Amino acid sequence: MNLYLGIDFGTSGARGVVIDEEASCIQAQVRYPFQDSPAAVTPKIWQEALFMLVEQIPNQLRREIKAIAINGTSSTVLLVDAVGNPVDTPLLYNDARGSLVLEHLRNIAPPNHTVLSATSSLAKLLWMMQQPSFSEARYFLHQADWLAFLLHGQLGISDYHNALKLGYDVEELKYPEWLENLQIPIQLPKVLPPGTPIAQLRPEIADKFGLRRDCLVCAGTTDSIAAFLASGAKLPGEAVTSLGSTLVLKLLSRTRQEDARYGIYSHRLGDLWLTGGASNTGGAVLKQFFTNAELESLSWEIDASIASELDYYPLLKVGDRFPINDPNLPPRLSPRPDNPVEFLHGLLESIARIEARGYELLQQMGADKLSRVYTAGGGAANETWTAIRARYLQVPVVASVYTEAAYGTALLAMGGGIKGEQE
Ligand code: ADP
């Protein structure tokens with residue numbers, strides 16, 4: 001039997017999921033929580049985590065793994081020397097040192113381009129170019145690229161999900177001219193479609209860990225795309241809402257949407273586009289008022305078929321970007337009824353309204369008509385909320401069976417492994 005391993009590097013730890021060709025059954029699931037805060041986690045710890053994950057997989061399963069793929073956090077990047085050793089500390093996904101080069105970047109990149117953000121990979125690279133350690137650097141890599149390199153041994157390879165925020169043109173499948181013109185004196189990664197087989201495992205790695213020498217290492221992806229892939233959404237019009245601390249929408253479409261004002265950009269997914277938007281509303285606001293146990297018990301008392309009259313815009317602090325782009329938008333949480341069931345009803349209803357408005361906006365911008373919404377995150381299990389949301393969205397709303405990024409990345413590995421076998 002051929003098995004496939006997906007590895008997810010998140011902010012709090014790394015996880016691995018092994019699936020078989022049916023993908024309906026998880027054969028093994030392994031974890032490596034980071035002990036330190038994200039900023040203190042070094043590439044050495046990433047490397048240790050990667051190999052510790054592999055070691056936790058039972059020996060007999062390891063021998064059957066046909067392909068591996070890795071996802072990292074988007075825009076976590078590093079510079080390495082000619083043999084792949086990091087020359088300095090990586091810059092993490094949320095590191096905003098790139099703000100120091102934003103003015104310069106605005107003169108280079110087209111208006112409203114995805115790279116025009118302090119945390120974009122390109123802003124980070126331009127900042128790194130001003131540091132003394134840059135003289136030792138030969139390659140610029142994303143976290144997932146470097147971890148995959150440790151397995152297959154080839155430097156300078158990435159995928160078009162990780163490379164989007166570096167400025168790679170995912171429509172034309174090349175670096176744009178304005179980026180080429182910068183003549184960056186080190187190697188930017190060669191960019192492959194996520195899941196493309198890159199190479200077999202380095203023989204010494206295969207032998208050391210009891211993996212197959214013909215096990216393929218495939219191009220990876222980012223954590224949030226991996227979570228989308230896990231949901232099972234495949235067709236244009238299918239979407240995934242993440243009801244975590246914040247509200248994140250992702251809609252699969254045949255057309256590409258971009259609007260920097262609303263923080264909307266599209267990832268390429270084969271022949272389709274994955275358009276996303278994120279609102280600051282969400283579970284973090286619910287958490288301010290209710291414990292998880294209260295959220296569960298009070299929700300059962302809500303009649304989901306009746307619309308609450310309460311019209312809130314639940315935020316922790318002033319400002320939202322999507323679906324309302326207004327940095328001064330005040331949180332609206334009044335009037336607050338004495339009855340907590342009524343209050344919660346108003347909150348759930350209002351967040352559902354913001355979700356519906358978000359999908360409407362994406363469709364107005366040209367995305368395919370919404371047909372089904374999968375749900376992930378802490379709010380996905382709330383059936384009352386699901387019923388309220390379905391009333392607004394007017395399409396089936398279902399909980400995703402799989403939500404783990406590592407599972408989504410295992411699916412990518414499976415695609416790559418099967419493709420590799422046919423070639
Ligand atoms: P994160 O985005 O931080 O990873 P999670 O996906 O773990 O978040 O979801 C946590 C959020 O889910 C919390 O903010 C909490 O308020 C919310 N939550 C937990 N249980 C429920 C519930 N039964 N109904 C609605 N929301 C819930």
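In the annotation of an unreviewed UniProt entry, the protein is listed under the name Sugar kinase and assigned to Nostoc cf. commune SO-36. Its UniProt record, at the heading Sequence similarities (unreviewed entry), says of the protein: "Belongs to the FGGY kinase family."

Enquirer: Break down empty space enclosed by the protein for me, with residues and values.
Expert: Per the counting criterion, the structure on display carries two cavities of 30 Å³ or more. Here the largest cavity is characterised by a volume of approximately 90 Å³. If you trace the largest cavity, you find it lined by Gly-10, Thr-11, Phe-34, Pro-38, Val-41, Trp-46, Thr-73, Thr-76, Leu-92, Tyr-93 and Gln-143. As a volume, the second largest cavity reaches approximately 60 Å³.

Enquirer: Tell me about the domain arrangement of the protein, residues and numbers included.
Expert: For the protein, the assigned domains are domain 1 (3-224 + 405-422) and domain 2 (233-399). Between domain 1 and domain 2, the C-alpha centre-to-centre distance is 30 Å. The interface of domain 1 with domain 2 comprises eleven residues on the first partner and eleven residues on the second. Buried area between domain 1 and domain 2, both sides added, is near 990 Å², and the carbon and sulfur share of it is 53%. Counting the contacts that link domain 1 with domain 2 gives one salt bridge. Where domain 1 meets domain 2, there are six residue pairs in polar contact (both at pLDDT 80 or more). Of the residues belonging to the side of domain 1 that touches domain 2, the class tally is four nonpolar, four polar and three charged.

Enquirer: Report on the nonpolar core, specifying residues and quantitative values.
Expert: Counting residues in hydrophobic clusters, the biggest one holds 41 residues, and the most contacted among them are Phe-9, Trp-46, Leu-50, Ile-65, Trp-146, Leu-151 and Leu-201. Once residues within four sequence positions are removed from consideration, Ile-65 is found in contact with Leu-3, Leu-5, Val-18, Ile-57, Leu-211, Arg-212 and Cys-215. Core analysis: the next-biggest nonpolar cluster, separate from the first, contains 39 residues, Leu-251, Leu-310, Leu-315 and Leu-329 among them.

Enquirer: Describe the packing of aromatic side chains, naming the residues involved and giving the relevant values.
Expert: Per the stated rule, a full pass over the model turns up nine aromatic pairs. Taking 5.0 Å as the distance between ring centres and 85° as the angle between the ring planes, the aromatic pair formed by Phe-289 and Phe-343 counts as edge-to-face. Of this pair, Phe-289 sits in helix 9 (residues 283-289) while Phe-343 sits in helix 11 (residues 340-364), and the two are 54 residues apart along the sequence. With a relative accessible area of 1%, Phe-343 lands in the buried category. Measuring from ring centre to ring centre gives 5.8 Å for Tyr-312 and Phe-343, while their planes differ by 70°; the resulting arrangement is edge-to-face. With Tyr-312 in the loop between helix 10 (292-300) and helix 11 and Phe-343 in helix 11, the pair connects residues that are 31 residues apart, well separated along the chain. Aromatic ring contacts, followed pair by pair, group Phe-289, Phe-290, Tyr-312 and Phe-343 into a single cluster.

Enquirer: Please provide a residue-by-residue account of the UniProt feature "domain: Carbohydrate kinase FGGY N-terminal" (unreviewed entry) in the protein, values included.
Expert: In this numbering, the UniProt entry assigns the feature "domain: Carbohydrate kinase FGGY N-terminal" (unreviewed entry) to residues 3-229. The span residues 3-229 shows a helical share of 26% and a strand share of 24%, and its end C-alpha atoms are spaced 18 Å apart.

Enquirer: Lay out the packing of helix 8 (residues 223-231) against helix 13 (residues 405-422) with the relevant residues and their values.
Expert: Running from N to C, helix 8 and helix 13 point in directions that differ by 80°, and their axes come no closer than 7 Å. In terms of orientation, helix 8 lies roughly perpendicular with respect to helix 13. Contacts from Asp-223, Ala-226, Ala-227, Leu-229 and Ala-230 in helix 8 reach Ala-405, Tyr-407, Gly-408, Thr-409, Leu-411 and Leu-412 in helix 13. Considered class by class, the residues forming the contact of helix 8 with helix 13 number eight nonpolar, two polar and one charged.

About the cut-offs
- Residues numbered from 1 in each chain as written.
- Predicted model: local features only at pLDDT ≥ 70, side-chain atom pairs only at ≥ 80, totals over all residues.
- Heavy atoms only, no water.
- UniProt positions renumbered as here; feature names shortened; annotations may be inferred.
- 1 Å grid on protein atoms, 1.4 Å probe; cavity = no way out; pocket = protein on both sides within 12 Å on 5 of 7 lines; lining within 4 Å.
- Points joined across faces, edges and corners; volume = space filled by probe spheres on them.
- Domains from an automatic or database assignment.
- Contact = heavy atoms within 4.5 Å.
- Buried area = accessible area lost by both parts, 1.4 Å probe.
- Salt bridge = Lys/Arg side-chain N within 4 Å of Asp/Glu carboxyl O.
- Polar contact = N/O pair within 3.5 Å; in protein donor to acceptor, adjacent residues only side chain to side chain.
- Nonpolar A, V, L, I, M, F, W, Y, C, P; charged D, E, K, R; others polar.
- Core = buried A, V, L, I, M, F, W, Y, C linked by side-chain atoms within 4.5 Å.
- Buried < 20%, exposed > 50% of the residue type's maximum accessible area, 1.4 Å probe, protein only.
- Phe/Tyr/Trp six-rings, centres within 6.5 Å; stacked < 30°, edge-to-face > 60°.
- Helix = DSSP H or I, 4+ residues; strand = E, 2+ residues; numbered from the N terminus.
- Axes fitted to C-alpha atoms, helices over the stretch in contact; angles between N-to-C directions.
- Parallel < 35°, antiparallel > 145°, perpendicular 65-115°, else oblique.

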